[in-house]
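The primary structure of each chain is shown beneath.
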Amino acid sequence: MVAAPQDPTRFYAASSEGRFLVSSDRGSEWLARDATYPNATSLAMDQGGSGILYVGSTDGVWRSADDGQSW
């Protein structure tokens, strides 16, 4: 799980089942988004506020340039 650097209420999570989750209320509720990566093992976010996320998986590294809307 990572927090958005520009918005302390926004969090992102990736699961080993290929799910990507976003919360805009400090984790009270989560919205699942479709993800194309398998078996996530790590999640990182560009701390410059660009909305770029990286997911490490058993098959490589996946990148999203739009806050996880597409990979």
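Relevant structure appears above.
Residues numbered from 1 in each chain as written. Predicted model: local features only at pLDDT ≥ 70, side-chain atom pairs only at ≥ 80, totals over all residues. Heavy atoms only, no water.

Asker: Break down unusual backbone geometry for me, with residues and values.
Answerer: Here the phi dihedral of Arg 26 falls at roughly 65°; this positive angle occurs in a residue that is not glycine. Of note, Arg 26 is situated in the loop between strand 3 (20-23) and strand 4 (31-33). Using a relative accessible area of 58% as the deciding quantity, one classes Arg 26 as exposed. Even without being a glycine, Asp 67 presents a positive backbone phi close to 60°. The residue Asp 67 is located in the segment after strand 7 (60-64) in this model. (Helix = DSSP H or I, 4+ residues; strand = E, 2+ residues; numbered from the N terminus. Buried < 20%, exposed > 50% of the residue type's maximum accessible area, 1.4 Å probe, protein only.)

Asker: Break down the side chain of Arg 33 for me, with residues and values.
Answerer: With respect to the secondary-structure elements, Arg 33 resides in strand 4. Of the buried charged residues, Arg 33 lacks a salt bridge, with Asp 67 as the closest side chain of opposite charge at 6.3 Å. Apart from the residues lying within four places of it in its own chain, the contact partners of Arg 33 are Arg 10, Phe 20, Val 22, Asp 67, Gly 68 and Gln 69. (Lys, Arg positive; Asp, Glu negative; His and termini not counted. Salt bridge = Lys/Arg side-chain N within 4 Å of Asp/Glu carboxyl O. Contact = heavy atoms within 4.5 Å.)

Asker: With reference to specific residues and values, describe the sheet that holds strand 7.
Answerer: The three strands are arranged 5-6-7 in an open sheet whose pairing can be described as antiparallel. Strand pairing shows two members of the sheet lacking a second neighbour, strand 5 (40-45) and strand 7, which therefore form its edges. Strand-to-strand, the axes of this sheet are offset by a mean angle of 20°, without reference to chain direction. Pairing geometry for strand 5 and strand 6 (residues 53-57), over five bridges, is antiparallel. Of the residues in strand 6, the one forming a bridge with Met 45 is Leu 53. (Pairing = 2+ DSSP bridges. Axes fitted to C-alpha atoms, helices over the stretch in contact; angles between N-to-C directions.)

Asker: Lay out the sheet that holds strand 2 (residues 7-14) with the relevant residues and their values.
Answerer: Taking strand neighbours across the sheet as the criterion, the four strands line up as 1-2-3-4 in an open arrangement whose pairing is antiparallel. Looking at which strands have only one partner, the edges of the open sheet turn out to be strand 1 (2-4) and strand 4. Going from strand to strand, the sheet's axes swing by 30° on average, the running direction of each strand aside. The pairing of strand 2 with strand 3 spans four bridges and is classified as antiparallel. From the neighbouring strand, Phe 11 faces strand 3, where its bridge partner is Ser 23.

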